[in-house]
Amino acid sequence: MCADDSKSVHLTAETLLPHRGRMLLVGEILSLDDEQATTLSIAHRNWPLFRDGAINPLILVELVAQTAGVHNGLRRLKTRGEDSETRGWLVGVKKAVFHVETIALGESVTTTARNAFVFEHLREITGTAFINGRLAAEVTLQVVEAQ
C-alpha cells in the first residue's frame with residue numbers, strides 16, 4: 001500500500017490504530033482500499049468481554065470500529081502524511097444487530113467497514129462481522145474525527 005505516490009508505507013493494524021495490548025483486536029488486514037477495509041481477527045481469551053469460556057458478541061461493535069479505524073487511517077495517511085496524529089472517536093452506536101449469542105475462543109472473525117456518510121469531521125460507518133463465514137453482526141456507528 002502507498003500513502004502517496006512517492007513512498008511506500010507498510011500498513012498494519014499497529015500503524016493505523018492507536019490500540020495496543022489486549023485492546024488491539026484486529027489481527028490482520030485482509031483488504032484495504034478507498035472504499036472499505038476488511039480485517040481478520042481470532043477470538044482470544046485476552047479480549048475484553050471474555051467470560052465463562054466465551055466472548056460476548058458486543059465485542060463485534062469494537063471490531064467494526066477498529067476496522068473503520070484501519071480504513072480511515074489509510075485515508076488519513078493519504079491526505080495528511082505519515083506523521084499525522086488525527087484519530088477518530090466513537091460517539092454513537094446507531095444500530096447493532098447480533099446474529100450470535102456468544103463467540104467461542106479460536107473462532108475467525110472477518111469484519112468489513114466502510115464510510116456510509118461523511119460530513120466534515122463526522123462519519124457514519126456501516127460494517128458487518130462474519131464468524132467462520134456466517135453473518136454474526138450488522139453495525140452502524142457514528143464517529144467524529146478528533147482535531
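Anything mentioned here points back to the structure above.
Reference entry: report on the structure contained in this document. (Residues numbered from 1 in each chain as written. Predicted model: local features only at pLDDT ≥ 70, side-chain atom pairs only at ≥ 80, totals over all residues. Heavy atoms only, no water.)

Position of Thr 140 relative to the elements: it lies in strand E9 (residues 134-145). Here Thr 140 falls in the buried class, since its relative accessible area comes to 11%. Beyond its immediate stretch of four places on either side in the chain, Thr 140 contacts Gly 92, Val 93, Lys 94, Lys 95, Glu 124, Ile 125 and Thr 126. (Helix = DSSP H or I, 4+ residues; strand = E, 2+ residues; numbered from the N terminus. Buried < 20%, exposed > 50% of the residue type's maximum accessible area, 1.4 Å probe, protein only. Contact = heavy atoms within 4.5 Å.)

Moving on, we get to the layout of surface pockets. If you add up the space inside the largest pocket, you get close to 540 Å³. In terms of lining, the largest pocket is formed by 25 residues, of which the most central are Gly 69, Arg 87, Gly 88, Trp 89 and Val 143. Those elements that provide at least two residues to the lining of the largest pocket are helix H2 (59-80), strand E5 (88-98), strand E8 (122-131) and E9. The element that contributes the greatest number of residues to the lining of the largest pocket is H2, accounting for 11 residues. Among the residues making up the lining of the largest pocket, the classes are represented as 10 nonpolar, 8 polar and 7 charged. (1 Å grid on protein atoms, 1.4 Å probe; cavity = no way out; pocket = protein on both sides within 12 Å on 5 of 7 lines; lining within 4 Å. Points joined across faces, edges and corners; volume = space filled by probe spheres on them. Nonpolar A, V, L, I, M, F, W, Y, C, P; charged D, E, K, R; others polar.)

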